[in-house]
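Descriptive structure summary
Now for the letters of each chain:
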Amino acid sequence: MLDAVVVGAGPNGLTAAVELARRGFSVAVFEARDTVGGGARTEELTLPGFRHDPCSAAHPLGINSPAFRAMPLDRYGLEWLHPELPMAHPFTDGTAAVLSRSVAETAASFGSRDAGAYRRLVEPFLSKWDTLARDFMSLPLTALPRDPVTLARFGLVGLPPSTWLTRRFHDERAKTLFAGLVAHVMAPLDGFATGAIGLVFALAAHARGWPVARGGSQSISDALTAYLKDLGGTVHTDYEVKRLDDLPPARAYVFDTSPTALARIAGFGDYYANYRYGPGVFKVDYALDGPVPWTAREARTAGTVQIGADSAEIGTALRAASREDRAPDKPFMITVQPGVVDPTRAPEGKQVFWAYGHVPSGWTGDLTDAIERQLERFAPGFRDRVLARATAGPPELAARNANYVGGDIASGAVSGLQLLLRPKLSLFPYGTPHPAVFICSSATPPGPGVHGMSGHNAAKAVWRRLRQHS
Ligand SMILES: Cc1cc2nc3c(=O)[nH]c(=O)nc-3n(C[C@H](O)[C@H](O)[C@H](O)COP(=O)(O)OP(=O)(O)OC[C@H]3O[C@@H](n4cnc5c(N)ncnc54)[C@H](O)[C@@H]3O)c2cc1C
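Not measured: the values here are computed from a predicted model. (Residues numbered from 1 in each chain as written. Predicted model: local features only at pLDDT ≥ 70, side-chain atom pairs only at ≥ 80, totals over all residues. Heavy atoms only, no water.)

Among the nonpolar cores identified, the biggest contains 63 residues, and L99, Y118, F154, F169 and L181 are the most heavily contacted of them. Broken down by element, the residue count for this core peaks at nine residues, all from helix α10 (residues 194–208). (Core = buried A, V, L, I, M, F, W, Y, C linked by side-chain atoms within 4.5 Å. Buried < 20%, exposed > 50% of the residue type's maximum accessible area, 1.4 Å probe, protein only. Helix = DSSP H or I, 4+ residues; strand = E, 2+ residues; numbered from the N terminus.)

As structure tokens, this is what we get:
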């Protein structure tokens, strides 16, 4: 009898498996796809020699993850590569606001009227970042906060909507960049706790940057898998779990799946019926004949580039996809250009480029033209550089990974109380109606992103149970 079986080899499933194996438990992972990684994979999606990340590409949460930082992943081939700038947000006038490693450079890019307000916002938290990140990512109460005072102060600033937080800025530059940060998790700008989302991304940039992984995000998953195997764990791919009976006998079962799939597999009926999924995304992976011809100089050196002319345009795009059930005319987009720092992704002189915009859940249309029209506003001549493109809307994303229900890459709406309390209003979110079955996917706190912290937190609950019943 195994101590634990993990279903799903995404970053959270692999992290949960490693955490258990490191503590001496026997662990086996079962993954539906033929490769490990879930949302952290790399594939030749377009032309030979072009290595694309079909899902995650930029890793502010990965490099800042307390779980990953406690593992020797560098020994297993993970190397973070830092672009000159973590992120740039270009405007139609050819200038850009930036998120730099330096608070001063970032503040200066917002203009003189907002520079001081930005410094006053981030500096008190930055000096306490490591403790704050651990406390924030361990909510709700899987560990007692190490610095409850700073966490409470962070809550006061972060729990109100991001639109309150950005009232401290006078000009559009800072407001727009912040709106874009909130939109990374597809949260409505006026939603509960959305200020915290923007702040976490900004603090992460100043603390450790927004790197890409050398060779692609697959190297994060490969490093976790190699470490797990060294610890005695096993990984079985091409093994879709449809019923609990498909799995070998174990003392605990840990699911890196959507709550809906878990309820179906484990026979939990409508236990998660109130869990809501959010809008989807439409993703394009490009093979380019050279770098993106951004007008703004800063955008040419940034790993991530946010596209949205101003905060109103970003808000309109988010509302269209999440509340009005239509695709936006001018999508807000997150784009990543790993080639600015990683030459291994494409043949010499060429680049891979990654862009997505938000669309309604399950949307079956084609957003490629709207995405490229947006890109041409900030990088005229972009279309001339395109050698090949691979597109994926909600149906394709959901087919690639069952966790992305309706194309929702956050595996559950990041809005209302569900932003913090997911998949149920419970202080024990990793537990289920069955005492030996646990859930560890990004449908649990701290939510979406490649950070493994949901897996780490769930593993704590699992090893407590295994020790109690040993
Ligand atoms: C287009 C896109 C862009 C993104 N960009 C970023 C980014 O830049 N940075 C970032 O940090 N995050 C990003 N994300 C989000 C990030 O990828 C996810 O939040 C993260 O991968 C969630 O990890 P997870 O382990 O919870 O689930 P997943 O990574 O989704 O892994 C779940 C795994 O479980 C497997 N599985 C599901 N059901 C079964 C079953 N029944 N039997 C067996 N196996 C099963 C799946 O095949 C999958 O491998 C992006 C996601 C997408 C799709």
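What follows covers the environment of A88. For A88, the position within the fold is in strand β4 (residues 85–90). Expressed as a C-alpha distance, the spacing of A88 and Q218, which sit 130 residues apart in the sequence, is 25 Å. A88 has contacts with A97, V98, E298, A299, A302, T304, V305 and Q306, leaving out every residue within four places of it along the chain. (Contact = heavy atoms within 4.5 Å.)

Once that is clear, we can look at the pairing of strand β10 (residues 302–307). Of all six residues in β10, six are buried; the element is thus mostly enclosed. With four bridges joining them, β10 and strand β11 (residues 333–336) adopt antiparallel strand pairing. When the bridges of β11 are listed, T304 appears paired with V336. (Pairing = 2+ DSSP bridges.)

Here we come to the domain arrangement of the protein chain. Taken domain by domain, the protein chain holds domain 1 (2–43 + 56–79 + 215–275 + 412–468), domain 2 (44–55 + 81–101 + 209–214 + 279–409) and domain 3 (102–203). Each of domain 1 and domain 3 was reduced to a C-alpha centroid, and the two centroids are 27 Å apart. When domain 1 packs against domain 3, close to 1,800 Å² is buried across both sides, 70% of that on carbon and sulfur atoms. Applying the counting criterion to the domain 1 and domain 3 interface returns one salt bridge. The salt bridge partner of D130 is R69, with a shortest N-O separation of 3.8 Å. Here domain 1 and domain 3 share two residue pairs in polar contact (both at pLDDT 80 or more) between them. Looking at the side of domain 1 that touches domain 3, the elements that each hand over two or more residues are α2 (60–63), α3 (66–69) and α16 (453–468). By residue class, the composition of the side of domain 1 that touches domain 3 is 15 nonpolar, seven polar and three charged. (Domains from an automatic or database assignment. Buried area = accessible area lost by both parts, 1.4 Å probe. Salt bridge = Lys/Arg side-chain N within 4 Å of Asp/Glu carboxyl O. Polar contact = N/O pair within 3.5 Å; in protein donor to acceptor, adjacent residues only side chain to side chain. Nonpolar A, V, L, I, M, F, W, Y, C, P; charged D, E, K, R; others polar.)

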